[in-house]
Amino acid sequence: MISICIPVYNYDCNPLLEQLIEQTAQLFLPYEIIVFNDASKKEFVPHESTLVSIINSTENLGRNKAREELALAAKFDNLIFLDADVYLPDNKFLERYESCISNSYDIIYGGVAYSKNVPEQAYLLRWTYGSKRESRPVEKRKKDVYQNLISMGFMIKKDAFLKISTAISGNYYGHDIVFSYRINFLNYQITHIENPIIHKGLEPTLVYLYKSIEAINTTFHSERVGLIPDDFRPVQRAYLKIKKTGAIKLFIKVMDKTKAVLDKNLRSRKPKLICLDLLKLYHYSLLKQANKQTPQ
């Protein structure tokens, strides 16, 4: 009664599929593995297999819509979503999720981890962020169950997923925040367990910096159209604190002069995440100030 759902776009997910196929032999419950090939280039199309169903899209829909298509196609009520660029930590990964099905649950999140091996400089920022901000033991994740959900890998009831995903449209980076807030808003419960996937797909620093700013754009837009409140994310709360002191214009003025230094640090061998936080807050502040001056 488990549908394992994997959206794929231009990434070789065959190693992950091999791990999954090996582990499904240990499961007691019926299962299926479904891949949504989101118009990938030919070299990234998963190998055909009698054990894996592949849905091929002729246009790139984006991860959110791909997940929705996977949920609609799934035969079973228990959905395990996995990103294509992850691998499983050991041979008991699926067993741990299967053991949770007997319990009453809405969403179960096992966490994410990163390799202990320091990557080359071009990938250091993404690895540093993931290792320090995303990779958290279960006890720390329980302190803020909604903010600590990272949707690279989790299990969810099919009807819950479809209700949560209805408000998420478009192909924008950073929509996890809307997903997390919808879980909270609809009163679904997240159960945190120790069962992390390993994130392999590190973006180069330049790509990750671009995506980080794109995520801030998504936060701002989601807030503006009412999908999230104005204090849901840390960057929003930081802005509100500065705004309360009346120092937003001063903060922007200082950042105008220092942003190049912060950017240089993030590309270095010792990137400091406070620099990334400040650049994201700066961009969010610019968006808020521009919106304030724009007639509604």
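Structural notes, computed from the coordinates.

Criteria and cut-off values
Residues numbered from 1 in each chain as written. Predicted model: local features only at pLDDT ≥ 70, side-chain atom pairs only at ≥ 80, totals over all residues. Heavy atoms only, no water. 1 Å grid on protein atoms, 1.4 Å probe; cavity = no way out; pocket = protein on both sides within 12 Å on 5 of 7 lines; lining within 4 Å. Points joined across faces, edges and corners; volume = space filled by probe spheres on them. Helix = DSSP H or I, 4+ residues; strand = E, 2+ residues; numbered from the N terminus. Nonpolar A, V, L, I, M, F, W, Y, C, P; charged D, E, K, R; others polar. Pairing = 2+ DSSP bridges. Axes fitted to C-alpha atoms, helices over the stretch in contact; angles between N-to-C directions. Contact = heavy atoms within 4.5 Å. Buried < 20%, exposed > 50% of the residue type's maximum accessible area, 1.4 Å probe, protein only. Core = buried A, V, L, I, M, F, W, Y, C linked by side-chain atoms within 4.5 Å. Phe/Tyr/Trp six-rings, centres within 6.5 Å; stacked < 30°, edge-to-face > 60°.

**Thoughts on empty space enclosed by the protein**
Here's step 1: Tallying each qualifying case throughout the model produces one cavity of 30 Å³ or more.
Here's step 2: Of the pockets and cavities examined, the largest cavity occupies roughly 70 Å³.
Here's step 3: Along its surface, the largest cavity is lined by Asn64, Arg67, Glu68, Phe161, Ser165, Ile168, Asp176 and Phe179.
Here's step 4: Listed by contribution, the elements that provide at least two residues to the lining of the largest cavity are helix H2 (63-73), helix H6 (158-165) and helix H7 (176-185).
Here's step 5: Looking at the lining of the largest cavity element by element, the count peaks at three residues for H2.
Here's step 6: Of the residues belonging to the lining of the largest cavity, the class tally is three nonpolar, two polar and three charged.

**Focus on the sheet that holds strand E9 (residues 190-192)**
Here's step 1: The seven strands lie next to each other as E3-E2-E1-E4-E8-E6-E9, forming an open sheet whose pairing is mixed. The open sheet has two edge strands with one neighbour each: strand E3 (53-56) and E9. Across the sheet, the mean angle separating the axes of adjacent strands is 20° when strand polarity is ignored.
Here's step 2: Where strand E6 (residues 107-109) and strand E8 (residues 153-157) come together, three bridges link them in antiparallel fashion. Counted as the bridge partner of Tyr109 is Phe154 from E8.
Here's step 3: Lying on the sheet, helix H3 (residues 93-100) is in contact with strand E1 (2-8), strand E4 (78-82), E6 and E8; it crosses E8 at an angle near 25°.

**Regarding the side chain of Thr218**
Here's step 1: Mapped onto the fold, Thr218 is located in helix H8 (residues 205-224).
Here's step 2: Excluding its chain neighbours within four sequence positions, the residues that come into contact with Thr218 are Tyr172, Tyr173, Gly174 and His175.

**So, H2**
For an α-helix, the turn length of 3.6 residues means that residues three or four places apart are oriented alike.
Here's step 1: Looking at H2, one finds that the buried residues are Asn64, Ala66, Arg67, Glu68, Leu70 and Ala71.
Here's step 2: Where H2 is buried, its residues meet E1, strand E2 (31-37), E4, E8, H6 and H7.

**Considering the nonpolar core**
Here's step 1: In terms of nonpolar packing, the biggest core is built from 62 residues, with Ile6, Leu20, Phe81, Leu82, Ile156, Phe179 and Ile183 touching the most fellow members.
Here's step 2: Every residue in contact with Leu82, bar those within four places of it in the chain, is listed here: Ile4, Cys5, Ile6, Pro7, Leu16, Leu20, Leu88, Phe93, Met152, Gly153 and Ile197.
Here's step 3: Grouped together as the second largest cluster of nonpolar side chains are 22 residues, Phe220, Ile248, Leu279 and Tyr284 included.

**Structural notes on the packing of aromatic side chains**
Here's step 1: According to the stated counting rule, one finds nine aromatic pairs in the structure shown.
Here's step 2: Measuring from centroid to centroid gives 5.3 Å for Phe93 and Tyr97, while their planes differ by 80°, and the two rings are edge-to-face. With Phe93 and Tyr97 both in helix H3 and four residues apart, the pair spans about one turn of that helix.
Here's step 3: Ring pairs connect the aromatic residues Phe81, Phe154, Phe161 and Phe179, which therefore count as one cluster.

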